[in-house]
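Structure assessment
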Amino acid sequence: METLEQEISFEELASSQNKAPDLEALAPDYIFLNDGAVGLSATARCILDELRDWHKKTEKHGSKSVHPSYLLTLDKLGELLNKYRNLSEQAKSPPSVDMALRQLMDLEKRGRNKSALIYPFLVRNGNKVLARISIASPQKEAKTDVTPYRKACFSFSEETIDLILNNRAKKPRALEEDRPGAMLLHKNKSGQIWLYPKLASLQSEMASLLKRGFQPYSYIPMNDFLADFANYAKNKGAVVEILPDYHLILDDLQLNPDGTYVNQPEVIAHYRAQSDALEVFALTYLKQLAERAGYNLFKARIQDFETFHGNAEPGKKQNSEKVEALIQLVEDFPFDKEKDDLGKRVAEACQQSVRIIRKLIQEKALLSERKIEGAFKSLKNRLNIQAKEHSQNNLTLYRFVPEKRLDAVGIADPELVSKYTNEIVADLKTKFGLKEVKREDGTTEVYVVDPGYMAAVLHKLTADAKVSPVAEKELTIAKEINAALVSSKNPALNSMLKADYVVKLQQDAAIMEREVEDRQKSEALAKKVNLSMGLLGFVGTMLFFLIASVHFNAAGVILVGLPVALVIGGLLAVFFRDRDKSDIGPGGVPRSSGSGGGFAASYSGISTVSDYYPSSDDDDADEHFGKGESPKEKKVSLIAKGAERFVFPNRFTKIQDKIHDSKSLRKKIWDNIDNIRQSVAHLRTESDDDKVASTVEYALLQNSATIAIPDEIVPVGMPSTIILSHSDLKAPLIRDQISEFLRNEAQKKKYDKKLVKYYTFLINTIEVEYYKYLPSRKKK
């Protein structure tokens with residue numbers, strides 16, 4: 001809903017409403033037959049005639065139920081009045097229609113003898129919400145209960161009202177920082193600045209929407225609809241009641257990962273607006289009244305208040321101590337001695353404002369409880385987003401510890417932690433594949449995967465498990481999750497991958513698993529015996545006995561030598577077995593591919609996945625430590641060097657060309673795949689683009705720095721990892737240019753605290769801690 005327009009009558013919008021009745025138990029609301037149209041203008045009589053004809057047409061349709069579409073609406077009235085030739089142009093003008101409607105509603109006598117019901121219903125027009133003002137007057141009986149019409153219009157509006165309440169809950173009221181109370185201070189009919197405390201209410205916002213539905217006619221207060229609206233919103237738990245006719249939206253408290261508010265809570269906005277407006281209004285008029293009555297002591301109190309609280313610094317202009325002193329000042333003023341209209345009206349406005357502020361102070365005290373709930377909702381939403389993005393971008397399991405994440409947003413109470421942990425797990429289970437692992441310290445480690453990418457995740461982890469014990473553990477868990485998804489026939493399983501592509505991934509994973517099994521069998525045998533040494537010992541011994549048999553011309557020597565050769569060969573095979581292989585493991589753990597590395601591009605259609613992953617028992621970074629490289633390591637290094645000049649170009653027009661995340665890295669590879677293939681001898685004969693792209697990506701990631709940003713400070717939509725080449729990170733000039741670019745981005749987003757924190761982390765990492773990501777650092 002839009003901000004109140006200046007031409008709105010603030011007296012009407014801020015007028016008192018009756019307490020909202022229950023819609024299902026409405027007292028009968030009647031309109032009365034005005035037989036001779038006594039006291040009505042010609043325009044009003046024509047409107048009644050038109051309403052009578054309109055209802056007759058509706059009855060001909062035979063529908064017994066009431067529906068808003070059957071009713072005459074105010075926007076059609078002007079056109080219908082044009083057919084009455086007995087009406088002058090003046091009688092058809094908006095002022096004449098305004099007078100006629102007020103007569104039909106009997107506004108002078110508060111609707112005691114009204115001849116028509118005017119009640120709105122809400123419709124959607126694209127992204128806008130419009131109010132249609134319906135008019136009903138069956139004109140058959142002496143009196144007609146219009147409750148069915150009222151219920152029908154409101155029921156029709158309920159879906160739109162729900163939309164308004166939901167949108168409003170996500171968008172708290174924004175105030176002028178210098179003058180938060182400006183929305184409540186407007187000129188009255190006398191041209192004086194006046195305080196209208198109820199203009200901040202949700203009812204007033206709805207009244208401004210209804211007013212636009214009356215154009216080009218004057219707004220008639222829709223107190224019955226506003227009462228029904230407030231009652232409906234209250235029953236849904238969507239609003240907080242401050243006064244019976246003053247409600248504020250129960251907003252969604254959105255929190256940053258550090259527990260601070262993304263937006264100022266609604267109750268705080270109301271508290272600030274009411275306090276600021278009361279201060280301006282009360283000090284203005286209390287001075288006048290005190291001067292007029294000669295209250296010198298009270299004038300001194302006002303001066304003391306201004307001296308002590310008048311120059312509060314920003315952020316403390318509506319602090320609790322000042323507001324309490326202001327309320328006390330208002331309550332101590334002797335309003336009971338005021339006899340004229342001005343004094344009574346000032347008293348009414350001030351006292352009404354104080355009642356509202358008192359209630360807002362109570363609601364403000366309950367904010368800490370709501371903040372905990374808001375922190376939990378924000379965390380739960382963030383985990384859903386991060387789990388989905390992690391599966392799509394990294395193709396590994398998303399791992400987190402709920403207890404730690406809850407503690408990070410300020411939820412430490414053991415009972416709440418236990419309750420919210422169960423809720424987080426239950427919520428994620430409805431959308432993702434999930435497994436819980438209990439840790440020794442009593443906390444829970446949760447592994448989550450988007451089922452739409454399950455086959456790709458299994459393929460990626462199978463490839464990584466060949467060189468990484470961490471990935472091997474994740475692969476076991478991923479298989480358990482996959483089995484659970486298959487047994488439950490989850491409809492989302494592999495839904496983001498093409499069917500033929502899923503088959504290819506599964507076949508590749510099976511081949512890689514067989515390779516691992518064969519290697520493990522070979523290593524297990526090597527731990528027991530060294531076949532080559534045993535064979536060498538056997539052959540050498542037999543050769544010795546063969547020469548001896550020839551020398552001594554005794555064939556029996558060979559028969560004696562056979563068991564001896566077997567024994568010696570067996571002893572040598574055992575003695576020279578591969579004792580250390582199982583202890584050394586795969587040459588140190590390679591860099592984990594779970595933080596942005598891997599082979600996936602966008603899976604909206606078909607993604608690129610490798611047919612194999614180059615792997616080695618040694619860390620690919622060993623080349624930087626002076627160790628000898630295996631043939632596979634040399635191949636990876638050569639591929640990386642050939643691709644770097646296209647992905648991290650030495651000649652660049654903007655520094656962004658040097659900075660990648662997992663998605664942009666893949667895109668850059670695909671954009672230059674032909675050039676890379678021609679530059680790398682190992683890839684020239686490979687015709688499968690998917691295999692080339694995935695191999696190049698793997699090689700680049702093994703020879704690049706992957707900066708992982710903590711989940712707590714990653715804003716929605718921003719990458720959780722940044723990839724830079726080692727050579728760029730070593731070069732001070734390039735580091736300075738990257739840092740400068742990030743500073744400029746942070747300056748542009750200086751009002752977004754989360755983005756500033758994100759860029760600050762990257763700047764600090766690149767300027768101060770860059771050495772941690774260089775190969776030489778890994779040696780240590």
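Residues numbered from 1 in each chain as written. Predicted model: local features only at pLDDT ≥ 70, side-chain atom pairs only at ≥ 80, totals over all residues. Heavy atoms only, no water.

What the protein contains, in helices and strands, is 29 helices and 14 strands. Across the 780 residues in the protein, those meeting the buried criterion constitute 48%. Residue pairs at least 24 apart in sequence account for 71% of intrachain contacts in the protein once pairs closer than 6 positions are excluded. By element, 52% of the accessible surface of the protein is carried by carbon and sulfur atoms, the whole surface being about 39500 Å². (Helix = DSSP H or I, 4+ residues; strand = E, 2+ residues; numbered from the N terminus. Buried < 20%, exposed > 50% of the residue type's maximum accessible area, 1.4 Å probe, protein only. Contact = heavy atoms within 4.5 Å. Areas by Shrake-Rupley, 256 points an atom, 1.4 Å probe, with all protein chains shown as cover.)

Next up on the list: the packing of helix α9 (residues 266–293) against helix α11 (residues 320–332). The interhelical angle for the contact between α9 and α11, taken along N-to-C directions, is 40°, at an axis separation of 10 Å. As the angle between them shows, α9 and α11 are arranged oblique. Crossing hand, α9 versus α11: left-handed. For the pair α9 and α11, the contacting residues are Y271, S275, L278, E279, A282, L283 and L286 in the first and S320, K322, V323, L326, L329 and V330 in the second. By residue class, the composition of the contact of α9 with α11 is 9 nonpolar, 2 polar and 2 charged. (Axes fitted to C-alpha atoms, helices over the stretch in contact; angles between N-to-C directions. Parallel < 35°, antiparallel > 145°, perpendicular 65-115°, else oblique. Left-handed = near helix turned anticlockwise from the far one by under 90°. Nonpolar A, V, L, I, M, F, W, Y, C, P; charged D, E, K, R; others polar.)

Before going further, it helps to spend a moment on the confidence of the model for the protein. Per-residue confidence for the protein averages 80 on the pLDDT scale, and 84% of its residues sit at or above 70. For residues 16–27, every residue scores under 50 in pLDDT, and the model assigns this stretch 27 contacts once sequence neighbours within four places are set aside. In this model residues 580–628 is a low-confidence stretch, pLDDT under 50, and it forms 135 contacts with partners more than four residues away in sequence or in other chains. (pLDDT = per-residue confidence, 0-100.)

Here the amide bond leading from Q215 into P216 is cis, since omega sits at 10°, within 30 degrees of zero. Secondary-structure assignment places P216 in the loop between α7 (202–214) and α8 (223–235). Backbone geometry places K489, a non-glycine residue, at a positive phi of 55°. Tracing the backbone through its elements, the reader meets K489 in the loop between α17 (469–487) and α18 (499–528).

Applying the stated rule across the entire model yields 40 salt bridges. Residue E241 is joined to K234 by a salt bridge in which the shortest nitrogen-to-oxygen separation is 2.6 Å. Its relative accessible area of 32% is what places K234 among the partly exposed residues. Residue R439 pairs with D441 through a salt bridge whose shortest N-O separation is 3.6 Å. Take D441: its relative accessible area is 53%, and that puts it in the exposed class. Overlapping salt bridges, with partners in common, bring together R399, R439, D441, E445 and K473 in one network. (Salt bridge = Lys/Arg side-chain N within 4 Å of Asp/Glu carboxyl O.)

Moving on: the packing of aromatic side chains. Given two aromatic rings, one states the distance between the centres and the angle between the planes to describe the pair. Taken as a whole, this structure holds 14 aromatic pairs when the rule is applied. A centroid spacing of 5.0 Å and a plane angle of 75° characterise the contact between W194 and F281, whose relative ring orientation is edge-to-face. With W194 in strand β7 (residues 193–195) and F281 in helix α9, this residue pair connects regions lying 87 residues apart in the sequence. Across the pair, exposure class does not vary: W194 and F281 are buried alike. Ring centres of F333 and F335 lie 4.8 Å apart, and the angle between their planes is 50°; this geometry places the pair in the tilted category. Here F333 and F335 have matching classes, each one buried. In this structure, K143 is placed above the aromatic ring of Y30, and the distance from its NZ or CZ to the ring centre is 4.3 Å. Residue placement shows R345 over the ring face of W194; its charged tip is 4.2 Å from the ring centre. (Phe/Tyr/Trp six-rings, centres within 6.5 Å; stacked < 30°, edge-to-face > 60°. Lys NZ or Arg CZ within 6 Å of the ring centre and 35° of its normal.)

Our next topic: the nonpolar core. L77, L101, I118, L122 and F225 are the most contacted members of the largest nonpolar core, which has 59 residues in total. Residue contributions to this core peak at 7 residues, all from helix α6 (residues 147–170). Setting aside residues up to four positions removed in sequence, L101 forms contacts with I47, L74, L77, I118, I135 and I220. Core analysis: the second largest hydrophobic core is formed by 47 residues, W194, F298, V330 and I357 among them. (Core = buried A, V, L, I, M, F, W, Y, C linked by side-chain atoms within 4.5 Å.)

Taking 1.5 Å as the rise per residue, α7 with 13 residues should run 18 Å; its terminal C-alpha atoms sit 19 Å apart, in good agreement. Counting buried residues in α7 gives 12 out of 13 residues, a clear majority hidden from the surface. Listing the buried residues of α7 in full gives L202, Q203, S204, E205, M206, A207, S208, L209, L210, K211, G213 and F214. (Expected span 1.5 Å × (residues − 1).)

Take the sheet that holds strand β12 (residues 444–449) next. What the 3 strands build is an open sheet, ordered β10-β12-β11; its pairing is antiparallel. At either end of the open sheet lies a strand with only one pairing partner, and these are β10 (398–400) and β11 (433–438). Ignoring strand direction, the axes of neighbouring strands in this sheet form an average angle of 20°. Taken together, the 3 bridges between β10 and β12 define a ladder with antiparallel strand orientation. Residue pairing across strands places Y398 opposite V448, the latter belonging to β12. Most of the contacts of helix α15 (residues 414–429) go to β11, to which it runs at about 150°, and overall it touches β10, β11 and β12. Relative to the sheet, α17 contacts β11 and β12, its axis offset from that of β11 by approximately 130°. (Pairing = 2+ DSSP bridges.)

Its 15 residues place the ends of helix α28 (residues 753–767) 21 Å apart at the C-alpha level, agreeing with the 21 Å of an ideal helix rising 1.5 Å per residue. Among the residues of α28, those classed as buried are K754, L755, Y758, Y759, L762, I763, T765 and I766. Where α28 is buried, its residues meet α13 (367–394), β13 (704–708), β14 (721–725) and α27 (732–748).

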